Amino acid sequence: QTEVKIGVLNDRSGVYADLSGEGSVIAARMAVEDFDAAGKGITVEIVSADHQNKPDVASNIARQWYDQDGVDLIVDVPTSSAAFAVNEITREKNKIFMNSGAGSADLTGAQCSPNTVHWTYDTWALAKGTGTAMVEQGNDKWFFITADYAFGHALERDTMAIVEGSGGEVVGTVRHPFPGTDFSSYLLQAQASGAQVIGLANAGGDTVNTIKQASEFGITQAGQALAGLLIFITDIHALGLETAQGLVLTESFYWDLNDETRAWSERFAAQNDGKKPTMVHAGVYASVLHYLKAVESTGAKETEALMAAMKSTPTSDPLFGDGMIREDGRKIHDMHLFRVKSPAESTGPWDYYTLVATTPAADAFRPIEDGGCAFIAE
Amino acid sequence: MTTQTASAADVILSARGLSKRFAGFVAVNGVDLDVQRGSIHALIGPNGAGKTTCFNLLTKFLQPSAGTITLNGRDITRMPAADIARLGLVRSFQISAVFPKLSVLENVRIALQRRRGDSFDFWRSQTVLHQLDAEAMERIDEVGLSSFTNETAGELSYGRKRALEIATTLALEPEMLLLDEPMAGMAQEDVARISALIRKISANRTILMVEHNLSVVADLSDRITVLARGQVLSEGSYEVVSKDPRVIEAYIGAGHE
Amino acid sequence: MFELLGIPPQALFGQLLLGLINGSFYALLSLGLAVIFGLLNIINFSHGAQYMMGAFVAWMLLTYTGINYWWALLIVPLVVGATGVVIERLMISRLYHLDHLYGLLLTFGLALIIQGLFRNQYGVSGLPYSIPAELSGGTNLGFMFLPNYRAWVIVASVVVCFATWFAIEKTRLGAYLRAATENPTLVGAFGINVPRMITLTYGFGVALAALAGVLAAPIYSVNPNMGADLIIVVFAVVVIGGMGSILGAILTGFGLGVVEGLTRVFYPEGSAVVIFVIMAIVLLVKPAGLFGRTQ
Amino acid sequence: MSEPAMSEPMATVGAQADSLLAVRDLNGWYDESHVLHGINFDVYPGEVVTLLGRNGAGKTSTLRAIMGLLGKRKGSVRFDDRELIGLAPRHIAHAGIAFCPEERGIFSSLSVEENLMLPPQVRPGGLTREAVLDMFPNLRERLGGQGTKLSGGEQQMLAIARILRTGAKFLLLDEPTEGLAPVIVQQIGRTLGQLKSQGFTIVLVEQNFRFAASVADRHYVVEQGRVIDTIPNADLAANMNKLHAYLGV
Amino acid sequence: MTTQSETGYRSEAAALPVGTPRHHMVIFAVLFGLLLVAPSLLYPVFLMKVLCFALFASALNLLLGFGGLLSFGHAAFFGSASYVAAYAAKAWGFNPEFAILLGVLAAAVLGLGIGALAIRRQGIYFAMVTLAFAQMVFFFALQAPFTGGEDGIQAVPRGKLFGLIDLSSDLTLYFVVLAIVFGALLLIYRIIHSPFGQVLKAIRDNEPRSISLGYKVNRYKLAVFVMSAALAGLAGATKAIVFQLASLTDVYWTMSGEVVLMTLLGGMGTVFGPLIGAAIIVSMQNYFAGFGAWVTVLQGVIFVGSVLLFREGIVGVLAKWLKKPL
Ligand SMILES: Nc1ncnc2c1ncn2[C@@H]1O[C@H](COP(=O)(O)OP(=O)(O)OP(=O)(O)O)[C@@H](O)[C@H]1O
Ligand SMILES: Nc1ncnc2c1ncn2[C@@H]1O[C@H](COP(=O)(O)OP(=O)(O)OP(=O)(O)O)[C@@H](O)[C@H]1O
Ligand SMILES: [Mg+2]
Ligand SMILES: [Mg+2]
């Protein structure tokens, strides 16, 4: 009889509440049920909390969870700054952190930790997916609209490297304050630059507003393409297809990919007010599932053993298919490039994406040696 | 220049060509004023003549548009208000000015504290202030407020607020006092008392006051300057001034005995 | 061709125009704030939340009842203004005899409540509200593509601002209002129904915020946080303009919109702070604000 | 206390004649502090009466209580056969009473003209703008200026001037001569005379005893929140000793 | 001339009689005793958070409750000190005491700059000006190269106090924080009850009159502003060492709002109010964290409730009851 306590730590009130939030708790619970933990002699308790996208709140809760409440595993944690905070505490307390919601590739790079698994996506993979594919299709002149803070800079830097690496050209960038409300000025600058693609190196509400205003000012109609570098299906839902159509973006999961994802998403939506899962929800499900497998196989909760088991066993789940966890903690799977449908193409709510291309797992993520992960080197 | 018999050395406060222009309106227009040390000098004149404005200029609550002000021979035309007070030229206000949330005692003590210069000591306990209580009580007594020592100043009646204001001003032991209508709103008995008080404190200091109560002016002042429309209309002793037909017409009125 | 700091003049015109559009929102919002402040001596911290409510109510009308944008322009200010009236009656009216800071604190609390409630109900991803068909599309001005809707925003804002200014500065009602700001008891003693006047004024100020919200809904996504950060900028606008001044609020609103717009071109990184920098300078040079009355 | 004895004769007087204002057992409070302890007096149509008393006696508070401006009040104030206790100040104003406060109450955000035109007409028959300006020529020159930029005395004039326009025929004036030049005081004295002859009824709070004597029909002496004596102006000379004791005149 | 409202929030402070009421010292002693044993019952990290915010709120209260100046931008000082301390400890390897000191210094300097501008306006204007400047500081923290943007400065070493005492244990650190915070609280107490404090009250009451008595009013206001900023900085710097983190939360305007809420709830102008207010709000955030946006709503409700029904705050009401200033 093993008892494990899983903490779902994410945004339950802010910009990422819809793409993580309560849905991630549902996903974690589904994983426990699907795994039939109880039947296998593992008692699982799930707790959850709101980190409000603030690193201090996240670090506080994580500390208290580990110190006081006996939490063994923290999952989800969108927002990179919060994820870094949990990453630190987890290492200090020698527990396990399986991230699904955060984007920064540094989590398995400069800031990597032997106690952390980064599951769903990262900025490098998004940049790669979108950047490579767009350039390959001949859209090689880029202009970046970048949120003026560390995350925006990172997104811009990664994508720029990929674009230039694939033979594209960056004709300009403009940095807007974060958070912003009016982006028309930057859009006009982008328009004037003559770029073919406008890369949106921002996130959340900023991206949504940029896209909205681009449609208003006729940017997309005039032939420039918008590439969202961090955008989720919930954002598309908020924007509406009228506005978002034509946008290209990369995700690692879409509910309508295959029969398995559809079936799972059906069940998920039934518990989540009919809202389809995001890739973050999927990542939470898959990572909890994989963790429980490791608990079962090692029969204990000893951190080193669990981490070793998780990294040595290939992953397999209905949502991401087969994959693996690399030594640096990076989970490897396919990434997909989607184009947002026009209202006419869509058959109903949540039918938003057309699959454009798939980057195979092997190429999708930053090579381990480029990450500069310290503990690997040892 | 008007009759200036006393030697210039005895002039404590002097203004030359003092003017104040408000948007499109000249409130004070080239006023020359000399106040003799140790005298009680009254500034009278019809409403709107510019008396309060003069006060504001002399104490630098307003910046003159033109003219110079000298205090004890020192040019203070460009000095900030608080510094003027520190040089010993202290004013009272036409509309009563007390610290409404502080007690009567504390009101007076604030002035004493300033004089003693320990007001910036944030590291010392305020119990040191009790050393000032005796002196404060004396001032309070002088204006007849001793039964209100611990009352909150804001709850005093109008007349008592004025008395408190004077007590506070006196606590600074200023060399020269500027009183703006000290008797306004005072009951008769207070008028007598404050008159006596002003006379008493004038013993070793100079007083410049604005007052409409002519019997008080007649009684107290050594010299009177009459302002009208921002300019000096007449100057001299009460006897001289009160007989001046221009003053009678502009200010005193025919009906006054 | 003539260029200014590397920017062609056409592009500059475009940016100026965009600045003016943003300025319209600043002007409308700071106008509402100035009306409430000028007449009630209350800093309405919930102004941003009420602006957000304006956008939301418009969205709700459209989504739940199918009432379109044009009716929303009329109905929303009334509805949200009515909530303002209720708030004033139930809460703010109890604070007039107190220090003004309590009004600030109360409305700050209200802002938290309103925003929190909307966040709970609608999340923060934002909801779509599309531009009314009559105003969709745009006009090519040669130097830029001006969406018709934005042109409409400028016009609407200018008209509303001018009408408000006129009503307050030039009419008898305005004189009552201004007098009541200073000494409501005395104005009451003259036989004027001050409480009702003040209630309606607050309602009006809130209605202005709501109107700005409706105007904003099609441009920015309808989002519970849309007012939260904006309100601080608007505060700065109002400080720069000079708090008591209605005209100051309007002119500064438009002016700073333009300044901010230009910063976005020449030094985009600084565009978030340029207004605050200007505020610091104005405070140094003219503490009462550009149009403020020195008291 | 001598209080019942004092209020008796006035009460009987009030009962027979039809007084315009009848104040009976008026009590008043500022928050907790009880400042009026049973004020009784009457004012008859066309009269000028004064309230005299030392600082803090409760004169201002009495006027404020009549006007409904005191936090809490009890007793009875009948005006024109209407009970005023319980009415809001604005209704009292509409009943035909105008109030000129002690600290003048000029509005700084209004021009002199706007200040003057501010109080709405509550009855027909108020003075016209021109008539008021003729009465106070100082104001005419400064009409466009900011209200509080006027000198103290000018503000006082403005405060009186503006209530003459309202048509209220019953005036409560709190120390209208405070801070005024003697010429102006004389002029206000004449104005009050004029107003009286035009049928105004006036309650005056005064410190300036000489002025009070020159305009009033009757004087009420207030002390510690009570009316302790009534002196008809005609009997003034005979009562100088008493007055001296009351007021230190 | 502005209309002066008759009863303000200031009445409490003004009612404080001269001298140091003995019962204040008793309360301080009891409080200290309780806090000494508290970590055996409560999570020390949580207690340290309460202590830091208690100090922050008291610093604000010094300005608001006793100086009559409502700063709506105090997060700027709290936050910048926390950044400076974190940076000094992490990047330069400063001992914690020096890191904290440097943070305090930074807050004081910033306070001098912002204060010098802000005191040019009064009342609500002052509140808005401080808010706006704080927002500038926020943007600076967001964009400056050394603050780590929205990641903040993480993994700050707690280090060794005076190079000797290892602070990595929560309990050891707790007692150090307790000493710092208590020392600061006593200092604030002394400032309030000093001749300087008396002058502050007078200035708050009637500024022109203070000038006419010869007080250089702006210097006093600036002095108390800087003191308050420095003390807020002390709280922020200490917090950075405790949580090993400095982040944007510390400089955001909601933080300024929160600390005002703490002060208001506890009782503005009371000595102990801010402590109680901080304890309640921090506990609430801690224990209700699971309720998401409802926490914000609840905070709003408390704000509104305090203003409408409970203006004196908890301690203020208590003081009224006991008829003793607390
Ligand atoms: N700040 C100002 N702006 C414009 N005009 C002003 C200002 N201050 C005063 N005045 C005008 O200047 C004139 C002189 O005013 P002042 O207050 O000096 O008169 P005063 O002699 O003190 O009168 P009183 O005896 O009535 O107090 C008045 O007409 C007044 O309206
Ligand atoms: N706002 C107030 N709060 C509390 N007490 C007050 C207030 N105003 C006046 N009082 C008190 O009420 C009593 C009566 O005051 P009131 O102002 O009516 O006197 P007054 O006769 O008009 O005196 P004065 O001649 O000085 O104007 C006094 O004891 C005074 O201290
Ligand atoms: Mg004067
Ligand atoms: Mg009075």
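This text goes with the structure placed above it.
The notes below deal with the structure included here. A quick note: this is a predicted structure, and the numbers were derived from the prediction, not measured.

What follows covers the overall build of chain A. In terms of helices and strands, chain A carries 15 helices and 15 strands. Computed over the C-alpha atoms, the radius of gyration of chain A is 20 Å, within 12% of the 21 Å expected from 2.2 N^0.38 for a compact globule of 378 residues. Along the longest, intermediate and shortest principal axes, the C-alpha atoms of chain A span 65 × 45 × 35 Å. Here chain A, with 378 residues, has 66% of them falling under the buried criterion. Look at the contacts in chain A between residues 6 or more apart in sequence, and 69% of them connect residues 24 or more apart. Total accessible area on chain A is roughly 11,600 Å²; 48% of this is exposed by carbon and sulfur atoms. Between the averaged position of the 27 positive side-chain charges in chain A and that of its 50 negative side-chain charges there is a distance of 2 Å.

Around ligand 1 there are 20 residues in total, and B:K51, B:T52, B:T53, D:K149 and D:G153 lie nearest to it. Close to ligand 1, residues of chains B and D are found. Interatomic distance of 2.8 Å between a side-chain N/O atom of B:N47 and an oxygen atom of ligand 1. Contact distances for ligand 1 include 2.6 Å between an oxygen atom and a backbone N or O atom of D:K149. Summarising the interface, the protein chains cover 89% of the accessible area of ligand 1, which totals 640 Å² for the free molecule. At the level of secondary structure, the elements contributing two or more residues to the shell around ligand 1 comprise β2 (25-36) and α1 (51-58) of chain B together with α7 (152-164) of chain D.

Attention now moves to the state of the cysteines. All names here are of chain A. Under the criterion given, the structure shown has one disulfide over all chains. Between the sulfur of C112 and that of C373 lies a disulfide, 1.9 Å long from S to S. In this structure the cystine formed by C112 and C373 twists about its S-S bond by roughly 85°; its chirality is therefore right-handed. Remark: C373 occurs in the loop between α14 (368-371) and α15 (374-377) and C112 occurs in the loop between β4 (96-99) and β5 (116-118); sequence separation between them is 261 residues. The burial state of C112 is the same as that of C373; both residues are buried.

With that out of the way, let us pick up the pattern of salt bridges. Inspection of every chain in the model, using the stated rule, returns 46 salt bridges over all chains. Of the charged contacts, one joins A:E45 and A:K5 as a salt bridge, the two residues approaching to 3.9 Å between their closest N and O atoms. Residue A:E45 is found in strand β2 (residues 42-50), and its partner A:K5 is found in strand β1 (residues 2-10); the two are separated by 40 residues along the sequence. Given the relative accessible area of 42%, A:E45 is considered partly exposed. Of the residues examined, A:K5 reaches a relative accessible area of 16% and is grouped as buried. Here E:D170 and E:R158 are joined by a salt bridge, their closest N and O atoms 2.8 Å apart. Taken together, the residues span a long stretch of sequence, with E:D170 in helix α7 (residues 170-192) and E:R158 in the loop between α6 (123-143) and β1 (160-161) at a distance of 12 residues. Here the salt bridges do not stand alone but share partners, grouping A:D182, A:E216, C:R150, C:E260 and C:R264 into one network.

All names here are of chain D. Of the protein atoms, only T60 (OG1) and E102 (OE) coordinate the magnesium ion (ligand 4), at distances of 1.9 to 2.3 Å. Residue T60 is located in helix α2 (residues 59-67), and its partner E102 is located in the loop between β6 (97-100) and α4 (112-117); the two are separated by 42 residues in the primary sequence. Classification of T60 as buried rests on a relative accessible area of 18%. Residue E102 is classed as buried on the basis of its relative accessible area of 16%.

The next subject is the site of ligand 2. Taken together, the neighbourhood of ligand 2 is formed by 19 residues, with B:E155, D:G56, D:T60, D:S61 and D:E102 sitting nearest. Each of chains B and D places residues near ligand 2. Within the backbone of D:A57, a nitrogen or oxygen atom sits 3.2 Å from an oxygen atom of ligand 2. Taken by itself ligand 2 offers 630 Å² of open surface, and the protein chains cover 82% of this. Among the secondary structure elements, those contributing two or more residues to the shell around ligand 2 are α5 (158-171) of chain B together with β2 (33-43) and α2 of chain D. Examining the composition of the shell around ligand 2, we find that three residues originate from one element, α2(D), more than from any other. Considered class by class, the residues forming the shell around ligand 2 number five nonpolar, nine polar and five charged.

Attention shifts here to the interface of chain C and chain A. On the chain A side, the residues contacting the 30 residues of chain C number 25 residues. Together chain C and chain A conceal approximately 2,300 Å² of surface at their shared face, both sides included; 52% is due to carbon and sulfur atoms. Counting the contacts that link chain C with chain A gives three salt bridges. Of the charged contacts in the structure, one is a salt bridge between C:R150 and A:E216, with a shortest N-O distance of 2.8 Å. Joining chain C to chain A, the criterion identifies 10 residue pairs in polar contact (both at pLDDT 80 or more). A per-element tally of the side of chain C that touches chain A places helix α1 (residues 9-40) of chain C first, with four residues.

On to the arrangement of the chains, then. Counting contacts across all seven pairs of chains that touch, the top-ranked interface belongs to chains C and E. A gap remains between chain A and chain B, with no contact made and the closest C-alpha atoms lying 35 Å from each other. Here chain A and chain D are not in contact; the least distance found between their C-alpha atoms is 36 Å.

A word on the side chain of A:T303. All names here are of chain A. Mapping T303 onto the fold places it in helix α12 (residues 303-312). Taking the relative accessible area as the measure of exposure, T303 reaches 11% and is therefore buried. Setting aside residues no more than four positions away along its own chain, T303 makes contact with N94, K95, I96 and N115.

Contacts between the two partners involve 46 residues from chain E, matched on the other side by 48 residues from chain C. In total, chain E and chain C occlude about 4,400 Å² of area from one another, counting both sides; carbon and sulfur atoms represent 76% of this. Contact with chain C buries surface across chain E, with E:I124, E:M128 and E:W253 losing the most and accounting together for 15% of the total. Applying the counting rule to chain E against chain C returns zero salt bridges. Across the chain E-chain C interface, the total number found is two residue pairs in polar contact (both at pLDDT 80 or more). The set of elements that each furnish at least two residues to the side of chain E that touches chain C consists of α6, α11 (253-266) and α13 (293-309) of chain E. Sort the elements by how many residues they give to the side of chain E that touches chain C and α6(E) lands first, with 13 residues. Residue composition of the side of chain E that touches chain C, grouped by class: 29 nonpolar, 12 polar and five charged.

Calculation rules
Residues numbered from 1 in each chain as written. Chains lettered and ligands numbered in written order. Predicted model: local features only at pLDDT ≥ 70, side-chain atom pairs only at ≥ 80, totals over all residues. Heavy atoms only, no water. Helix = DSSP H or I, 4+ residues; strand = E, 2+ residues; numbered from the N terminus. Rg over C-alpha atoms; globule rule 2.2 N^0.38 Å. Buried < 20%, exposed > 50% of the residue type's maximum accessible area, 1.4 Å probe, protein only. Contact = heavy atoms within 4.5 Å. Areas by Shrake-Rupley, 256 points an atom, 1.4 Å probe, with all protein chains shown as cover. Lys, Arg positive; Asp, Glu negative; His and termini not counted. Charge placed at Lys NZ, Arg CZ, Asp CG, Glu CD. Near = heavy atom within 4 Å. Polar contact = N/O pair within 3.5 Å; in protein donor to acceptor, adjacent residues only side chain to side chain. Disulfide = S-S within 2.5 Å. Salt bridge = Lys/Arg side-chain N within 4 Å of Asp/Glu carboxyl O. Donors = N, O, S within 2.8 Å, 3.2 Å for Na, K, Ca; no water. Nonpolar A, V, L, I, M, F, W, Y, C, P; charged D, E, K, R; others polar. Buried area = accessible area lost by both parts, 1.4 Å probe.

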